[in-house]
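Topology and contacts: notes
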Amino acid sequence: MKRIFLAGGSSVCTRQISMAPMAGWGQAMHLFLQGVEVVNCARAGASSRSFYERGRLAWILENIAPGDLLLVSFGHNDMRSEDGRFSAPFSDFQFYLRKYVDGARGRGAHPVLIPGQERRVFDAHGNMRRSLGVYPQAIRELSRALSVPLIDLHEFSSSWWQQLGAEESKKLFVYLRPGESPNYPDGVEDNTHLRPQGVIECARFISREMYGQGLLPPDRFRNLDAHVPEQEVTWLPDDVFEYLTKSRVSEVAR
């Protein structure tokens, strides 16, 4: 059975029940695949540097096999200059991403680079800002230099948020009124993390791109044009999440 390993931060990782309705697109990928194992190793708060330094890439490379895919999506936390996660876009960031690419290829697996989804940031005039700066461009540049397949989730999401506008786009993000969710009793306004509808469509876009680029055989895909109810997105029980977080892997979905 083919496997897809996911390396990334909070926009990719699988969340626990106590964080619902917050979700990562990695926990929706299996909705568009069949006969494929999704091994979601993404971690909330991870940057390309910290994921590598904490041994998570090493675990992937120990377990990945020839013919498997490694989807790599970082940038949000590489921007953080206040702690050890920072990596400058056209130097350290690309340096660490090369380790994912070279590591996968060295084991006969196939790396895929994915510039992360844009944040929801609008100015007073309703214009959307590109908050990730040049990090997506750094990934695109590396993709060309190393001939690595690219799935441009950043451009897709930026266009989608802009089309929806400042108010309508809130429905995709974790915007909750006080009392609307027991997990967020005081309410929350989160412009980074998505709800089920958002992660479903991001996972659909990634799957369609994988299909179009021939990264998996056509018969490994499903539901690419079908309606997928939000209820199909599920969360890990908190005790299971805690156990798996202590290991290298956060989820295996079939």
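Before any of the text, the structure's been laid out above.
What this report covers is the structure whose coordinates are included nearby. Remember, it's a predicted structure, so these values are computed and weren't measured experimentally. (Residues numbered from 1 in each chain as written. Predicted model: local features only at pLDDT ≥ 70, side-chain atom pairs only at ≥ 80, totals over all residues. Heavy atoms only, no water.)

1. Description of the overall build of the protein
Looking only at helices and strands, one finds 7 helices and 7 strands in the protein. Each helix and strand of the protein, ordered N terminal to C terminal, gives the series β-β-α-α-β-α-β-α-α-β-β-α-α-β. Here the C-alpha radius of gyration of the protein, 17 Å, is about what a compact globule of 254 residues would show, namely 18 Å. Counting only C-alpha atoms and orienting by the principal axes, one finds that the protein spans roughly 50 × 35 × 35 Å. (Helix = DSSP H or I, 4+ residues; strand = E, 2+ residues; numbered from the N terminus. Rg over C-alpha atoms; globule rule 2.2 N^0.38 Å.)

2. Remarks on the pattern of salt bridges
Under the counting rule described, the total for this entry stands at 12 salt bridges. Notably, a salt bridge pairs Asp 83 with Arg 85, separated by 2.8 Å at the nearest N-O pair. Judged by its relative accessible area of 17%, Arg 85 falls in the buried class. Where Glu 168 meets Lys 171, a salt bridge forms, and the shortest distance between an N and an O atom there is 2.9 Å. Looking at Glu 168, the relative accessible area reads 37%, which means it is partly exposed. (Salt bridge = Lys/Arg side-chain N within 4 Å of Asp/Glu carboxyl O. Buried < 20%, exposed > 50% of the residue type's maximum accessible area, 1.4 Å probe, protein only.)

3. Comments concerning the packing of helix α5 (residues 153–168) against helix α6 (residues 196–212)
Close contact between α5 and α6 brings their axes to 10 Å; oriented N to C, the two are set at 135°. Regarding the angle of α5 to α6, the classification is oblique. Here α5 runs over α6; the crossing is right-handed. When α5 is examined against α6, the residues Leu 153, Phe 156 and Trp 160 are found in contact with a partner set consisting of Gln 197, Gly 198, Glu 201, Cys 202, Phe 205 and Ile 206. Classifying every residue of the contact of α5 with α6 by side-chain character gives 6 nonpolar, 2 polar and 1 charged. (Axes fitted to C-alpha atoms, helices over the stretch in contact; angles between N-to-C directions. Parallel < 35°, antiparallel > 145°, perpendicular 65-115°, else oblique. Left-handed = near helix turned anticlockwise from the far one by under 90°. Contact = heavy atoms within 4.5 Å. Nonpolar A, V, L, I, M, F, W, Y, C, P; charged D, E, K, R; others polar.)

4. Concerning the side chain of Glu 118
Summarising the element assignment, Glu 118 is placed in the loop between β4 (110–113) and α4 (135–146). With no salt bridge to any partner, buried Glu 118 finds its closest opposite charge in Arg 130, at an N-O distance of 5.2 Å. Separated by 2.8 Å, the side chains of Glu 118 and His 154 make a polar contact. If sequence neighbours within four positions are ignored, Glu 118 has contacts with Met 128, Arg 129, Arg 130, Ser 131, Leu 132, His 154, Ser 157, Ser 158, Trp 161 and Phe 173. (Lys, Arg positive; Asp, Glu negative; His and termini not counted. Polar contact = N/O pair within 3.5 Å; in protein donor to acceptor, adjacent residues only side chain to side chain.)

5. Overview of the packing of helix α3 (residues 89–106) against α4
The geometry of α3 relative to α4 is characterised by a closest axis approach of 10 Å and an angle of 45° between their N-to-C directions. It follows from the interaxial angle that α3 and α4 lie oblique. Judged by the twist between their axes, the crossing of α3 over α4 is right-handed. On α4, the residues that touch Pro 89, Phe 90, Phe 93, Gln 94, Leu 97, Arg 98, Val 101 and Arg 105 of α3 are Tyr 135, Gln 137, Ala 138, Ile 139, Glu 141, Leu 142 and Leu 146. In terms of residue class, the contact of α3 with α4 is built from 10 nonpolar, 2 polar and 3 charged.

6. Let's talk about helix α2 (residues 56–63)
Along α2, the residues classified as buried are Arg 56, Leu 57, Ile 60 and Leu 61. The buried residues of α2 occupy one face: seen down the axis, they fall within an arc of 135°. Tucked into the core, α2 has its buried residues touching β1 (2–8), α1 (48–53), β3 (69–73) and α3. (Arc of directions from axis to C-beta.)

7. A closer look at the nonpolar core
One finds Ile 4, Trp 25, Leu 71, Ile 206 and Met 210 to be the most contacted residues of the largest nonpolar core, which totals 41 residues. At the level of secondary structure, the elements contributing two or more residues to this core comprise β1, β2 (36–40), β3, α5, β5 (173–176) and α6. The biggest single contributor to this core is α6, with 7 residues. Beyond its immediate chain neighbours, meaning those up to four positions away, Trp 25 contacts Leu 6, Ser 11, Val 12, Ser 73, Ile 114, Gln 117, Leu 153, Val 199, Cys 202, Ala 203 and Ile 206. (Core = buried A, V, L, I, M, F, W, Y, C linked by side-chain atoms within 4.5 Å.)

None of this, on its own, says anything about what the molecule does.
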